[in-house]
There are 2 protein chains.
Amino acid sequence: MSLSPDCIPCILKQALYAARIAKINDEKIQIEILKYVIKELNNIDNIETAPELSNKIQDIVKVFSGINDPYAEEKERNLKRASKFVPYLKTYINNSYDKLEQAVRVAILGNIIDLGANPDFKLEDEINRINSNNIVLDDYPLFKEKVEKAKYILYIGDNAEEAIFDKLLIEQLQCKNIIFVVRDSYILNDVTIDFAKKIGLNKIAKVISSGSKVAGTNLKETNKTFNKYFFNAPVIIAKGQGNFETLMNCDREIFYMFKVKCEVIAKRTGYKVGTSVLLKNPK
Amino acid sequence: MSLSPDCIPCILKQALYAARIAKINDEKIQIEILKYVIKELNNIDNIETAPELSNKIQDIVKVFSGINDPYAEEKERNLKRASKFVPYLKTYINNSYDKLEQAVRVAILGNIIDLGANPDFKLEDEINRINSNNIVLDDYPLFKEKVEKAKYILYIGDNAEEAIFDKLLIEQLQCKNIIFVVRDSYILNDVTIDFAKKIGLNKIAKVISSGSKVAGTNLKETNKTFNKYFFNAPVIIAKGQGNFETLMNCDREIFYMFKVKCEVIAKRTGYKVGTSVLLKNPK
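Remember, it's a predicted structure, so these values are computed and weren't measured experimentally. (Residues numbered from 1 in each chain as written. Chains lettered and ligands numbered in written order. Predicted model: local features only at pLDDT ≥ 70, side-chain atom pairs only at ≥ 80, totals over all residues.)

What should I look at first to understand the overall build of chain A in this one?
When helices and strands are tallied, chain A shows 13 helices and seven strands. In terms of overall size, chain A behaves like a compact globule, its C-alpha atoms giving a radius of gyration of 18 Å where 283 residues would be expected to give roughly 19 Å. Residue burial in chain A is summarised as follows: out of 283 residues, 49% are buried. For chain A, the proportion of contacts with a sequence separation of at least 24, taken over those separated by at least 6, is 71%. (Helix = DSSP H or I, 4+ residues; strand = E, 2+ residues; numbered from the N terminus. Rg over C-alpha atoms; globule rule 2.2 N^0.38 Å. Buried ≥ 20, exposed ≤ 12 C-beta atoms within 10 Å, placed from the backbone. Contact = placed C-beta atoms within 7 Å.)

Whenever I open this one, the sheet that holds strand 3 (residues 178-182) of chain A confuses me. Can you help?
Two strands in a sheet stick together by hydrogen bonds in their backbones, pointing the same way (parallel) or opposite ways (antiparallel). Residue and element names in this part refer to chain A. What the seven strands build is an open sheet, ordered 1-7-6-5-2-3-4; its pairing is mixed. Two strands in the sheet have a free side with no partner beyond their single neighbour: strand 1 (135-136) and strand 4 (206-209). By the bridge criterion, six bridges tie strand 6 (residues 254-259) to strand 7 (residues 276-281) in an arrangement that is antiparallel. Within strand 7, the position partnered with Lys-259 by the bridge is Ser-276. Contacting strand 1, strand 6 and strand 7, helix 6 (residues 99-110) runs over the sheet at an angle of about 55 degrees to strand 6. (Pairing = 2+ DSSP bridges. Axes fitted to C-alpha atoms, helices over the stretch in contact; angles between N-to-C directions.)

How should the interface of chain A and chain B be read in this particular structure?
The accessible area lost on association of the parts is a frequent measure of interface size. On the chain B side, the residues contacting the 17 residues of chain A number 17 residues. Sorting the residues of the side of chain A that touches chain B by element identifies helix 1 (7-21) and helix 2 (27-41) of chain A as the ones contributing at least two each. Per element, the largest residue contribution to the side of chain A that touches chain B is seven residues, and it comes from helix 2 of chain A. Per-class residue counts for the side of chain A that touches chain B are ten nonpolar, three polar and four charged. (Nonpolar A, V, L, I, M, F, W, Y, C, P; charged D, E, K, R; others polar.)

Explain the pairing of strand 3 (residues 178-182) of chain B here, please?
Each regular strand carries side chains that alternate between the two faces of the sheet. All names here are of chain B. Of all the five residues making up strand 3, five are buried; the element is thus mostly covered by neighbouring parts of the structure. Of the two faces of strand 3, both are covered, the one formed by Ile-178, Phe-180 and Val-182 as well as the one formed by Ile-179 and Val-181. Here strand 2 (residues 153-156) runs beside strand 3; their pairing, made up of four bridges, is parallel. Looking at the pairing, Ile-156 lines up with Val-181 of strand 3. One crossover worth recording links strand 2 to the parallel strand 3 by way of helix 9 (residues 163-172), and it is right-handed. In the sheet, strand 3 pairs with strand 4 (residues 206-209) via four bridges, with the strands oriented parallel. In the sheet register, Phe-180 faces strand 4, and the bridge partner there is Val-207. Regarding the hand of the β-α-β motif, the stretch spanning strand 3, helix 10 (residues 193-198) and strand 4 is right-handed. (Right-handed = clockwise from strand over helix to strand, strands pointing away.)

Please clarify how the packing of helix 5 (residues 86-94) of chain B against helix 6 (residues 99-110) of chain B should be interpreted in this entry.
Residues and elements named next belong to chain B. The interhelical angle for the contact between helix 5 and helix 6, taken along N-to-C directions, is 150 degrees, at an axis separation of 8 Å. Considered as vectors, helix 5 and helix 6 are oriented roughly antiparallel to each other. Contacts from Leu-89, Tyr-92, Ile-93 and Asn-94 of helix 5 reach helix 6 at Lys-99, Gln-102, Ala-103 and Val-106. Grouping the amino acids of the contact of helix 5 with helix 6 by side-chain chemistry returns five nonpolar, two polar and one charged. (Parallel < 35°, antiparallel > 145°, perpendicular 65-115°, else oblique.)

The structure is reproduced here in structure tokens:
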């Protein structure tokens, strides 16, 4: 996906948010960070996607703060907050007529925990609205059919805390071979190897890094292991806007699951901000 | 007021909004505009206030669009929308125990029509909330006392459409000598000489330009006539965040009237976003 003009002010705002997350509260230093960001923006012609630009900018904050994982504390806090709802959501899924469909709803709901595009998320409100939610599941019947036959499923994660909801979907996929993909390094609050292990994802799936360092999946960066699975997988699930932005133009059939969080993605998908979608692409 | 880091992404966003207002809908041209904006941002060390930066950026949009007043249509539309409420607001003021106080409320309410900091304003909601409004009038008793004695009052306007509400306050000021100050050229939807005349402000006040071209009052730009009044006025009223940002560090006593529309001004004033204030500064 090419970089939209609206991504530029948004990513600048994210740089400031990241600086504050990394406890850089001095406005003079924040301005210094923005100056480096502006230098980077002088080269926007060479940047293809919003996650690529975001990555360069998050790196500037890492250098200034000297912290490799500025979002660590925030992830910990959100994990505790989200974990409280897991027993309820498990009961909700298990008491449903179509458990897989409800687990898809839960997995998409988890995508609200996004400290990049949506730092002021209201997880509790989202959970309360799980059934009345504005959710588009048009591609669900095909998804279900493909999942039932799949020898293995490649599941590309997004935000770290969201992965505890992904676990609930993985349990319903009824497929023994799930490859769960994480980012190669810390970027925003995205899921990485250490976090996936911490929440026990490695017990129900094979966890691999994509090799990509952006908040998405940059196919120019991905490693051999990932590529082998990616170009052969009978079913690919990709969570979050970042994966959609970076993979939407590739020719693989992918079932995206995300919450539309900004006008740019609303325009590209045709769904309003706030809509949750299971979206097969290409159509 | 020094430039806050948060102003930078906000002003970039304003540049895009202005481009769209000027009917530049091609994303490639929008990106070109942003590149010029980014060039300007390389010099942020030399920029003192958000209105100064905003002015440079609005000028870029004017050059690209070839339109000197990109907000003309929008101002016309908002004027019609706001004019409908004038008879109701007049009745509201005239039936009040303290007409001046109610007229102050009306004038502050009008400050919501701000296409810079607040393009998604809801005028109708604001009018419905006029009495229940979150409004701080602590400095009103002193304001009233000073106004009653004043030989003349300098009234620095802000947004063009807002000025029809300013007229209602001017009618209640009971002072024959009101100098109403407008911007020297088109900037955002701010009030200028032509607009002030169009709505008949010249019939109840002497209308002058400050000489300043920014969305505020930059004392490095102001003309002799303005300066003569400004440095001698027994009472100065200044509407809007832009006037507050550019004048807050000068040593004149000013009664600011505005709606707090962003976190930066919230932090500087100590009032939450959404609060309406009549604020004397310096205290």
